[in-house]
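The primary structure of each chain is shown beneath.
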Amino acid sequence: MNGASGSRVERRQRLALDLLLLAGLGLIMAVLGPYRTLDIPDLLRTAYWLIAVMGAGLIGIAVDSTLGRRIPRFWWRIAAVALVATLPVTPAVYALNAAMLDLPRRPWLMPQLAWQVFVVLLLIMALRALLWRRIVESRTIVVPPLPEAEREFRMRLSAKRRTAKLIAIEAEDHYVRVHTDAGSELLAMRFAEAVEELAQAHGYRLHRSWWASADAIEMVRWKRGTGEARLTGGLAAPVSRSCAAPLKEAGWR
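Throughout this description, residue numbers start from 1 for each chain and increase along the sequence as written. Totals for whole chains, interfaces and linings use all residues, but because this is a predicted model, local features are given only for residues with pLDDT of at least 70 and pairs of side-chain atoms are given and counted only at 80 or more. Water and hydrogen atoms were dropped before computing side-chain values, which therefore reflect all heavy atoms in the structure.

Undergrad: So what exactly am I meant to see when it comes to the overall build of the chain here?
TA: Going along the chain from the N terminus, every DSSP run of H or I of four or more residues is numbered as a helix, and every run of E of two or more is numbered as a strand. A count of helical and extended segments in the chain gives seven helices and eight strands. Residues counted as buried form 42% of the 253 residues belonging to the chain. Contacts in the chain between residues at least 24 apart in sequence constitute 52% of all its contacts with a sequence separation of at least 6. Buried residues are those whose accessible area, probed at 1.4 Å on protein chains only, stays under 20% of the maximum for their type, while exposed residues exceed 50% and partly exposed ones sit between those limits. Contacts between residues were defined by any pair of non-hydrogen atoms, one from each residue, lying within 4.5 Å.

Below, the structure is given as structure tokens:
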């Protein structure tokens, strides 16, 4: 399977999981019957909440795929996406209420409806984000590095950083800058040689001049095939198009 077809399969799988999550949330809302919908007949109430939640969720996902990736902070991103998605979802739910529940058209109640829509969207997007973050974490961290995977490389470091958490390595001319949670230092070696020594470690080649430890990656922002990885300690590393596939396969999308 080539990269393009693999990426399409991943997108379909992700969409399928999103739809499954939205359908599940719609059924839960139908059972709970919030916003005085519990008095509606069961079949109608179920259909209403499935349409409302899945429609709102898909709009939220579309907003998240454009606006959300520009906001690095987790909860700020969820709140912003829910707020922006509320704008188109509110009139859609207003029309749905009139069509399915035969509610009278009362435009002056739109602010109250918008608040209800925002709360539901906040719940949907938070649960979705937490689910995908959990999947990313399990894909990224569940496989530990081999016991000796970093030993040869670490022995090159000073005693202060030999046992520190390895964050990333960066090429600087004929040197390699090693970033750790105890600071950084330069090693007199070629970048290719350093990457080769870390071949069995749990990390990713991000760029022709960057390698990062898997558990040091906090976020990846994509733009037209390339990206930027936010790393532990406030570091930012470029992600080249040629190095993007392994990251996306690990769930960093």
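Undergrad: Teacher, can you tell me more about helix 2 (residues 42-66) here?
TA: Note that an α-helix has 3.6 residues per turn; residues three or four places apart therefore point the same way. Along its 25 residues, helix 2 runs 36 Å from first to last C-alpha, staying within 8% of the 36 Å computed at 1.5 Å per residue. Regarding helix 2, the residues found buried are Arg45, Tyr48, Trp49, Ala52, Val53, Ala56, Gly57, Gly60, Ile61, Val63 and Asp64. Expected span of a helix: the number of residues minus one, times 1.5 Å.

Undergrad: Honestly, the confidence of the model for the chain in this entry has me stumped. Any pointers?
TA: Do not read the predicted coordinates in detail wherever pLDDT is low. Mean pLDDT for the chain: 85, with 89% of residues reaching 70 or above. Here residues 1-6 scores under 50 on pLDDT; set against residues more than four positions off or in separate chains, the count is two contacts. Segment residues 137-147: pLDDT under 50, and 14 contacts once partners within four positions in sequence are set aside and those in other chains are kept. pLDDT expresses how confident the predictor is about each individual residue, on a scale running from 0 to 100.

Undergrad: What should I look at first to understand the side chain of Thr232 in this one?
TA: Positionally, Thr232 belongs in the loop between strand 7 (226-231) and strand 8 (235-239). Judged by relative accessible area, which is 18%, Thr232 ranks as buried.

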